[in-house]
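Inside the fold
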Amino acid sequence: MTLQFDTRPAAYAVMIREGKILLAYWKQDGKEGWTLPGGGLDLAEHPVDGCRREVFEETGYEARIDRMLGIDVGHWPGDVRPDGSVRDFQALRLVYEATVVGGELTHEVDGSTTHASWVPLDDVGKLNRVSLVDTALRLHRERPANGKLD
């Protein structure tokens, strides 16, 4: 028997400048916390294009995607899916290093994030945040050649 599960590819940006990281506040389905700007890819969308689109939607900034840092795999067993069925959920989260090249900080309208902010790196550990933030900062710091943290 083959296990049935859903997979969602997504792309996220690590954007650091002057000792601060750009984070977006995510709030959805009774869960919330700080996360990286980014999110799910549209059908047939290249991850680099999706990352730029998501950064713009959530922060108002135009981003240059500089390099891939790695891939994070998230797994949530037995989630109830939108169609009411119960299947495991897997997230393939491509993490990129990116730079602001234009735009200005704005808040997303009618999305899964409420606002974005430049947060001092020293304060990140005090925040209510999703695990992806810590993983991405570790990818940024360690820069594993194969994109996988051990």
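Let me sum up the structure you'll find in this document.

The rules we used
- Residues numbered from 1 in each chain as written.
- Predicted model: local features only at pLDDT ≥ 70, side-chain atom pairs only at ≥ 80, totals over all residues.
- Heavy atoms only, no water.
- Pairing = 2+ DSSP bridges.
- Helix = DSSP H or I, 4+ residues; strand = E, 2+ residues; numbered from the N terminus.
- Salt bridge = Lys/Arg side-chain N within 4 Å of Asp/Glu carboxyl O.
- Buried < 20%, exposed > 50% of the residue type's maximum accessible area, 1.4 Å probe, protein only.
- Core = buried A, V, L, I, M, F, W, Y, C linked by side-chain atoms within 4.5 Å.
- Contact = heavy atoms within 4.5 Å.

**As for the pairing of strand β4 (residues 31–35)**
Looking at chain direction, strand β3 (residues 20–28) and β4 are connected through 5 bridges and run antiparallel. By the bridge assignment, Tyr25 is partnered in β4 with Trp34. In textbook terms, the turn of a hairpin is the stretch between consecutive antiparallel strands, and for β3 and β4 this stretch comprises 2 residues, one of which, Asp29, has a positive phi near 50°.

**Concerning unusual backbone geometry**
Phi is mostly negative for residues that are not glycine, and the peptide bonds are mostly trans. At Ala44, a residue that is not glycine, the phi angle is positive and equals roughly 70°. Here Ala44 shows up in the loop between β5 (38–40) and α1 (47–59). Phi is positive for Arg143, close to 50°, though the residue is something other than glycine. With respect to the helices and strands, Arg143 occurs in the segment after α2 (131–142).

**Overview of the pattern of salt bridges**
One pass over the full model with this rule turns up 12 salt bridges. The partner of Arg87 in a salt bridge is Asp6, with the nearest N and O atoms 3.0 Å apart. Placement of the pair is Arg87 in strand β7 (residues 86–103) and Asp6 in strand β1 (residues 5–14), with a sequence separation of 81 residues. Its salt-bridge partner being Lys126, residue Asp123 comes within 3.2 Å of it at the nearest N-O pair. Given the relative accessible area of 67%, Lys126 is considered exposed. A single network of salt bridges, built from pairs that share partners, joins Asp42, Glu45, Arg53, Glu54 and Glu57.

**Digging into the nonpolar core**
By size, the foremost hydrophobic cluster in this structure holds 17 residues, and its most contacted members are Val14, Ile21, Leu23, Leu36, Val95 and Val124. It is α2 that provides the largest number of residues to this core, a total of 5 residues. If we ignore the near neighbours within four places in the chain, the residues touching Ile21 are Val14, Met15, Ile16, Leu36, Ser117, Trp118, Val119, Leu121, Val124 and Leu137. Among the nonpolar cores identified, the runner-up in size contains 15 residues, and Ala11, Leu41, Ile65 and Trp118 belong to it.

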